[in-house]
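Report on the structure
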Amino acid sequence: MKKKLLLTGFEPFLNYDVNPTQKIVEAINGTEVGGFVIEGRVLPVDFKQSAIDLLDHYEQTASDAVIMLGLAAGRRQITPERVAININEGPHDNRGYSPENEPIVKDGPAAYFSTLPIHKMVKRLKDAGIPAAISNTAGTYLCNHVMYRMLHHLESTNSDIPAGFIHIPASHELALSKPELPSWPTVHLIEAVKVLIETLEESS
Ligand code: PCA
């Protein structure tokens, strides 16, 4: 049986009327990349619901690897995240909830490291001519939240499948309404995500 990869993006949020990660996920969903059948799903920007949906998609698809994507408006590179921390804090989500200094999992570990081959991913992207760098903070908003919850779930269930989070720059489509943002053509973002997935195949 073919291996499956759960690839998630997010819906639009705050005053970003387009989320390029939603477009990427919709474009690649159902295709085969790097030996994986892609199970693409879009998550709500909702502290109470996003991880419920994420873990549900993980169970339903019985995926062999998980790559979560999110928009990091203002970043100029593809940035695999190294670490997720046990804190929710940030501006209002799409339901109007705005947490402050709240643990994601009460008495959970302070942090989890990505189990994706992040150094290899950055090298492969750069070799392909795509700007990339490891990021040492996924923030404290929804992206950090789902990364922490996924890694916590895998740790709690003794699963060693690769999982982690990649932040993506703005697309040109988003920059139409936010011209101050550095932006990439969506096709280049899709290409970059395919390289990330191919790196996973080479590393497994
Ligand atoms: N980026 C946000 C949440 C949704 C998204 O695409 C973040 O970086 O937390």
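Before reading on, note that the structure itself is shown above.
In this report, the structure presented in the accompanying data block is examined. Here, residues in each chain are numbered from 1, in the same order as that chain's written sequence. In view of the model being predicted, local features appear only for residues whose pLDDT reaches at least 70, and side-chain atom pairs are presented and counted only at 80 or more, with totals across whole chains, interfaces and linings using the full set of residues. Neither water nor hydrogens contribute to the side-chain values; these are computed over all heavy atoms in the structure.

Let's shift gears to the sheet that holds strand β5 (residues 79–80). One key point about sheets: their strands pair by backbone hydrogen bonds, in either a parallel or an antiparallel sense. The mixed open sheet is built from 6 strands, whose spatial order is β2-β3-β1-β4-β8-β5. Strands at the two margins of the open sheet, each flanked by one partner only, are β2 (32–33) and β5. By this definition, two strands are paired if DSSP reports at least two bridges between them. Note on conventions: DSSP H or I runs of at least 4 residues are helices, E runs of at least 2 residues are strands, and numbering of each starts at the N terminus.

Let's shift gears to the pairing of strand β1 (residues 3–10). Relative accessibility thresholds used throughout: buried, under 20% of the residue-type maximum; exposed, over 50%; partly exposed, between the two (1.4 Å probe, protein chains only). Summarising burial for β1: 6 of the 8 residues are buried, a large majority. Bridging between β1 and strand β3 (residues 36–43) involves 8 bridges; their strand directions are parallel. Bridge pairing in β3 links L7 to G40. Two elements, β1 and strand β4 (residues 65–71), share 4 bridges in a ladder whose sense is parallel. Counterpart to T8 in the pairing with β4 is M68.

Nonpolar cores are built from buried Ala, Val, Leu, Ile, Met, Phe, Trp, Tyr and Cys residues. Side-chain atoms within 4.5 Å join them into one set. F10, V66, M68 and M150 are the most contacted members of the largest nonpolar core, which has 33 residues in total. Going through the elements one at a time, β1, α2 (50–61), β4, α4 (142–156) and β8 (163–168) are the ones with two or more residues in this core. Per element, the largest residue contribution to this core is 8 residues, and it comes from α4. Ranked by size, the runner-up nonpolar core spans 30 residues in total, among them L7, I24, A65 and L69.

Moving on, we come to helix α3 (residues 118–127). Within α3, burial applies to I118, M121, V122 and L125. The arc enclosing the buried residues of α3, seen along the axis, measures out at 95°, which places them on a common side. Those residues of α3 that are exposed and aimed more than 90 degrees away from the buried face are H119, K123 and D127. Here the buried face of α3 lies against β4, β5, β8 and α6 (186–203). Directions drawn from the helix axis to the C-beta atoms are what define this arc. The criterion used for residue contact is that any of the two residues' heavy atoms lie within 4.5 Å.

Nearness is judged by heavy atoms alone; a residue qualifies as near a molecule or strand once a single heavy atom is within 4 Å of it. Taken together, the residues surrounding the ligand are F10, F13, N19, G70, L71, Y141, L142, C143 and H167. Counting of polar contacts relies on pairs of N or O atoms within 3.5 Å, with two restrictions inside protein: one atom must be capable of donating a hydrogen and the other of accepting it, and residues adjacent in sequence are counted only when both atoms are side-chain atoms. N19 places a polar side-chain atom, nitrogen or oxygen, 2.9 Å from an oxygen atom of the ligand. In this structure, an oxygen atom belonging to the ligand sits 3.4 Å away from a main-chain N or O atom of L142. Relative to its unbound accessible surface of 260 Å², the ligand loses 94% to contact with the protein. The pocket and cavity definitions rest on a 1 Å grid over protein atoms only: a 1.4 Å probe that fits but cannot leave marks a cavity, an open set with protein on both sides within 12 Å along at least five of seven lines marks a pocket, and residues lining either have an atom within 4 Å of a point. A pocket or cavity is taken to hold a molecule when more than half of that molecule's atoms are within 2 Å of the pocket's grid points. When atoms are counted within 2 Å of each cavity's grid points, the one that captures over half of the ligand is the largest pocket. Only the protein chains shown count as cover for residues, with accessible areas throughout obtained via the Shrake-Rupley method and a probe of 1.4 Å.

With that settled, consider α4. Take the number of residues in a helix, subtract one, and multiply by 1.5 Å to get its expected span. Taking 1.5 Å per residue, 15 residues should reach 21 Å; α4 reaches 21 Å between its end C-alpha atoms and fits that length. With 11 of 15 residues buried, α4 lies mostly within the body of the structure. Phi turns positive, to about 55°, at N158, one or two residues after α4.

Centre-to-centre distance and the angle between the planes together describe a pair of aromatic rings. Centres within 6.5 Å are what make two rings of Phe, Tyr or Trp a pair, Trp counting through its six-membered ring; a difference in plane orientation under 30 degrees is then read as stacked, over 60 as edge-to-face, and the rest as tilted. Following the criterion strictly, the structure yields 5 aromatic pairs and no others. We note K48 situated over the ring of Y97; from NZ or CZ to the ring centre the distance is 3.8 Å. In this scheme, Lys NZ or Arg CZ marks a charge over a ring once it lies within 6 Å of the ring centre and within 35 degrees of the ring normal.

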